[in-house]
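# Close look at the chain arrangement
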Protein chains: 2
Amino acid sequence: MFTADTCLLPDALRAIARAVDEGLDQVLQPPGDGRDQLYAAMRHAAIGGGKRLRPLLVKATADLFAVPEIFSLRAGLAIECLHVHSLIHDDLPCMDDDDMRRGKPTVHRAFDEATAVLAGDALHAFAFEILADPATHPNSDVRSALVMELARYAGAAGMAGGQMLDLLPTEQMTSLEAITRLQEWKTGALIEWSVDAGALLGGASSADRTALRAYAQRIGLAFQIADDLLDVEGSEDVVGKRLNKDQAQGKSNFVTVLGVDDAKEMAMRLVDEAMDQLQDISVPAHLLTEIAAFAIARDR
Amino acid sequence: MFTADTCLLPDALRAIARAVDEGLDQVLQPPGDGRDQLYAAMRHAAIGGGKRLRPLLVKATADLFAVPEIFSLRAGLAIECLHVHSLIHDDLPCMDDDDMRRGKPTVHRAFDEATAVLAGDALHAFAFEILADPATHPNSDVRSALVMELARYAGAAGMAGGQMLDLLPTEQMTSLEAITRLQEWKTGALIEWSVDAGALLGGASSADRTALRAYAQRIGLAFQIADDLLDVEGSEDVVGKRLNKDQAQGKSNFVTVLGVDDAKEMAMRLVDEAMDQLQDISVPAHLLTEIAAFAIARDR
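Computed from a predicted model, the values in this text were never measured in an experiment.

On to the nonpolar core, then. A:Ile291 and B:Ile291 are the most contacted members of the largest nonpolar core, which totals 202 residues. Ignoring any residue separated from it by four or fewer positions in sequence, one finds A:Ile291 in contact with A:Leu9, A:Leu53, A:Leu56, A:Leu57, A:Ala60, A:Tyr215, A:Ile219 and A:Phe223.

Residues and elements named next belong to chain B. At alanine 66, a residue that is not glycine, the phi angle is positive and equals roughly 60 degrees. On the secondary structure map, alanine 66 appears in the loop between α3 (53–64) and α4 (69–90). Backbone geometry places arginine 102, a non-glycine residue, at a positive phi of 55 degrees. Summarising the element assignment, arginine 102 is placed in the loop between β1 (100–101) and β2 (104–105).

For the pair chain A and chain B, the relating rotation is 180 degrees, the translation along its axis is 0.0 Å, and the fit reaches an RMSD of 0.0 Å. Accordingly, the operation relating the two chain copies is best matched by a two-fold axis. Of the interface residues in chain A, 100% have counterparts in chain B that sit at the interface too, so the contact is made through matching surfaces.

This part covers the packing of helix α7 (residues 140–154) of chain A against helix α7 (residues 140–154) of chain B. Between α7(A) and α7(B), the shortest axis-to-axis distance is 8 Å and the interhelical angle comes to 50 degrees. What the angle tells us is that α7(A) and α7(B) run oblique. For the pair α7(A) and α7(B), the sense of crossing is left-handed. In contact with A:Ser140, A:Asp141, A:Arg143, A:Ser144 and A:Val147 of α7(A), α7(B) contributes B:Ser140, B:Asp141, B:Arg143, B:Ser144 and B:Val147.

Each partner contributes residues to the interface: chain A has 46 residues there, and chain B has 46 residues. Here chain A and chain B share an interface that buries about 3,900 Å² over both sides, 70% of which is from carbon and sulfur atoms. Our count for the contact surface shared by chain A and chain B stands at two salt bridges. Its salt-bridge partner being A:Glu129, residue B:Arg152 comes within 3.4 Å of it at the nearest N-O pair. Taken together, chain A and chain B are joined by eleven residue pairs in polar contact (both at pLDDT 80 or more). At twelve residues, helix α6 (residues 113–132) of chain A tops the list of elements feeding residues into the side of chain A that touches chain B.

Calculation criteria
Residues numbered from 1 in each chain as written. Chains lettered and ligands numbered in written order. Predicted model: local features only at pLDDT ≥ 70, side-chain atom pairs only at ≥ 80, totals over all residues. Heavy atoms only, no water. Core = buried A, V, L, I, M, F, W, Y, C linked by side-chain atoms within 4.5 Å. Buried < 20%, exposed > 50% of the residue type's maximum accessible area, 1.4 Å probe, protein only. Contact = heavy atoms within 4.5 Å. Helix = DSSP H or I, 4+ residues; strand = E, 2+ residues; numbered from the N terminus. Least-squares fit on C-alpha atoms with pLDDT ≥ 70 in both. Axes fitted to C-alpha atoms, helices over the stretch in contact; angles between N-to-C directions. Parallel < 35°, antiparallel > 145°, perpendicular 65-115°, else oblique. Left-handed = near helix turned anticlockwise from the far one by under 90°. Buried area = accessible area lost by both parts, 1.4 Å probe. Salt bridge = Lys/Arg side-chain N within 4 Å of Asp/Glu carboxyl O. Polar contact = N/O pair within 3.5 Å; in protein donor to acceptor, adjacent residues only side chain to side chain.

Now the structure itself:
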């Protein structure tokens with residue numbers, strides 16, 4: 001698609017992938033009884049694979065404010081658990097009915113549908129268990145804010161609401177405005193939470209939080225446009241999931257509405273705007289700049 | 001089944017049912033856009049019907065410590081949202097495949113499966129949004145403790161773990177010990193949370209919390225044994241859901257393992273033990289005593 005000059009990002013991506021896998025392995029230890037199949041399904045979905053974009057955004061933002069890595073990594077594990085919960089349920093036969101995810105069989109294929117429903121539910125709860133734990137931040141006001149905001153962004157008014165829109169008859173979802181709103185809820189909300197969580201952990205000023213949220217909103221949309229481009233231009237082997245889905249289902253997305261060229265232009269404009277927002281914050285944010293560029297310069 | 005002398009309970013049940021319905025109606029207002037179907041499904045499942053046992057336990061326990069009703073009612077709404085989430089997902093075709101719940105069609109029958117998955121997810125998130133909100137308690141340490149404990153009790157180690165056990169081949173679940181453990185996780189955990197939430201909101205002493213938890217564990221099992229008895233002795237019209245399920249599916253429960261008479265005796269013993277625990281706490285707990293008796297003296 002595009003290329004981007006990066007120097008911090010490749011190491012940061014490798015480091016966060018390792019840290020997330022190690023952290024999840026540690027906190028998802030099976031208890032050694034009849035619940036083990038549930039833990040196996042949670043581990044199958046959560047460990048290995050995935051770009052770990054949301055944990056990276058938490059950490060990269062928290063690093064701006066010198067937050068100890070132990071805190072930002074735990075918040076990153078929480079948002080990844082919530083994200084994986086949504087992927088498991090989204091892949092169910094009654095939803096998107098997908099067989100492959102992150103290069104592996106989806107949970108309901110590797111196990112069964114009931115286990116997939118429960119594994120998603122358990123990871124959902126686990127996200128909040130991690131966040132509310134004093135090990136995530138010593139200040140309970142910060143932990144409560146993280147929980148309340150994540151619950152709001154994940155629920156009916158946010159991600160679940162966006163998923164509902166995505167299930168509506170396609171003729172109701174054909175305008176650029178409708179698709180933008182759908183994606184702001186469905187995928188944008190958790191990306192915005194990730195950046196804001198880093199700011200909350202770091203006690204960022206209100207001005208910095210506002211700019212960082214504006215950054216997050218723009219890269220959220222840019223990532224989605226890039227996903228829609230990968231859906232038509234990507235390689236299934238590299239992306240690790242079924243492609244050409246929206247066209248096969250007659251669904252509108254940024255590329256079907258705008259066409260490939262205008263979609264790329266819109267994504268580039270959003271990335272530029274995101275980078276502009278970073279100029280307004282009180283500390284230099286090189287890694288966040290690279291992540292913005294990466295939004296549209298990736299093959300999976 | 002049994003009868004019990006009650007004087008506080010009938011009014012308390014009516015009052016909590018009205019308060020929960022009004023509270024849920026208020027917090028589940030549809031936004032007036034494409035997400036409305038999701039809100040309609042959440043309202044269908046959550047408003048009207050149900051004994052509201054868990055909110056009643058929160059409030060009855062909180063009342064012992066003079067907690068303002070506005071706090072205990074919000075914690076009660078949260079646990080009811082989490083409970084309804086579990087009912088919606090439990091009723092799905094891939095799980096128990098039930099058509100009726102609380103005298104109404106289940107969510108996947110009244111709407112569709114995808115909407116049921118999302119409505120359950122949204123109510124799950126909503127429980128945590130309510131709890132973490134400063135309106136639920138001014139002290140963020142209390143709110144964080146409520147969130148962390150509920151997430152733990154709802155997740156893989158608690159309710160979801162118990163639901164997983166319930167899906168295992170029936171020949172692995174035939175002993176009284178195995179069924180007791182399953183039910184302590186599947187249904188006991190949220191009942192224990194409800195009582196402990198009232199104690200946490202009220203700043204109860206550690207000794208009182210211990211006694212109240214022991215009370216909750218016993219009535220949790222007693223309620224389940226009574227449910228198993230209703231499964232063979234109850235009326236579908238009164239109970240509001242399909243009965244004789246366990247026998248039809250060849251599943252073991254307290255009644256199939258113990259027989260009707262011994263199951264009744266065990267339930268009565270548990271209620272006695274629960275009432276004994278209430279003697280040990282620092283304040284009189286008449287309503288909790290009546291709730292213990294009600295566990296086994298009900299027809300739905």
